[in-house]
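Analysis of the macromolecular model
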Amino acid sequence: MLVNKSLFGKKIVQPPYLKEGDKVAFVSPAYWLPGETITQAAEEIKKWGLRPVFGRNNNHQDVYAYAGTADERADDLRWALEQDDIKAIICTRGGYGSIHLLDRIPLSVFEEHPKWLIGFGDITSLNCAEVAAGVMSIYGPMSVDIAEKQGLCVQLLHDILFGKVPQYVIPADKRNIPGHAEGILVGGNLSSYSALAGTEYNLAPGHDIILFMEEMEEALHDIDRLFYMLRLQKNFQRIKGVILGEFIAIQHDLQFDCAEQMIIQHLRRFNIPVCCGFPIGGNNCLPLIEGAQTSLDIDTTNAVLTFDMEGEQTPIHINTLNIPLFK
């Protein structure tokens, strides 16, 4: 069987860290956000020493709930990617619609202009595209969070952008499966991530994976179906560890007490470590560096997630789970 060696084990590039005076673009790949909220977020990053610039369709309420048509939103993101004096892209918010942009922006555009792209939830589609193109991405707070919810998550985003790499130490959850795993960190919102199963927007072959996921406002049977979509992929065996974030406002229409219990039943046969209750999704989003080589260590005391990448390594101890870290 022939293997495309240009993709197999493709190196993941770390974008440059930011420095004072760098430009950062605000774009809206999905739903629109009121202009005053974007302005408030921009004022905050000015305090970081950065210069905000804006896509043209951040506030376009006449196209349903979207920030613009799919073409307009894709044009904004492509503009921010291709302008080499823009060093990072902060998505204004998620919602729905990021998947519309995937077939409008070739992966080569992400590859040729490596820079930090930041967002979570529905932005999962774009995080995955960037990693599939061979560039690290940040699953983290967006401009709506920067503007309205100053706190640890936003501070950690600032720190990562300027070269401080967190090592997360999370208290053990009674549902955890202990163990050690190493791999490239990928994942995100389960609905958005599973929609890309088996496509070119998956991490290229040749890499082990640590998978993280979160979800909200879905029924257990829907989460079960989405997870089966992932399990039935031929390369599911690449997954060496799993991080489960927050599962919020879930409809309990199956016999399980919670989504985590159901997913763990799926995973036990694979004999891999599982971390439950990681503060991502819903009320929290500790920034995660997708595409980075990571190690996951889980014992009866803590779960520790370590990023193996350039930068100043900084242990971050999260002493209490299930609290809003934005506030």
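Residues numbered from 1 in each chain as written. Predicted model: local features only at pLDDT ≥ 70, side-chain atom pairs only at ≥ 80, totals over all residues. Heavy atoms only, no water.

**Examining the sheet that holds strand 2 (residues 51-54)**
Taken together, 6 strands build an open sheet; the order of strands is 2-1-3-4-5-13 and the sheet is mixed. This sheet does not close on itself; its edge strands, each paired only once, are strand 2 and strand 13 (288-290). Geometrically, the sheet is characterised by an average inter-axis angle of 25 degrees between neighbouring strands, direction not taken into account. Inspection of the sheet shows strand 1 (residues 23-27) paired to strand 2 by 4 bridges, in the parallel sense. In the sheet register, Ala25 faces strand 2, and the bridge partner there is Val53. Those strands touched by helix 4 (residues 124-132) are strand 4 (116-119), strand 5 (137-139) and strand 13, and its axis lies near 150 degrees from that of strand 5. (Pairing = 2+ DSSP bridges. Helix = DSSP H or I, 4+ residues; strand = E, 2+ residues; numbered from the N terminus. Axes fitted to C-alpha atoms, helices over the stretch in contact; angles between N-to-C directions. Contact = heavy atoms within 4.5 Å.)

**Some points on the sheet that holds strand 15 (residues 302-308)**
Taken in spatial order, the 8 strands line up as 10-9-8-7-14-15-6-16 in an open sheet, and their pairing is mixed. A strand with exactly one partner marks an edge of an open sheet, and here the two such strands are strand 10 (274-275) and strand 16 (312-317). Two elements, strand 9 (residues 239-248) and strand 10, share 2 bridges in a ladder whose sense is parallel. The residue of strand 10 that forms the bridge with Val242 is Val274.

**Let's talk about the nonpolar core**
Note that soluble globular proteins tend to have their nonpolar side chains buried in a common cluster. Ranked by internal contacts, the top residues of the largest apolar core, which has 108 residues, are Leu77, Tyr168, Phe278, Leu288 and Phe307. Element by element, the count of residues in this core is highest for helix 6 (residues 152-161), at 6 residues. In this structure Tyr168 touches Leu156, Phe278, Leu286, Pro287, Leu288, Ala303, Val304, Leu305, Phe307 and Ile316, once residues within four positions along its chain are discounted. (Core = buried A, V, L, I, M, F, W, Y, C linked by side-chain atoms within 4.5 Å. Buried < 20%, exposed > 50% of the residue type's maximum accessible area, 1.4 Å probe, protein only.)

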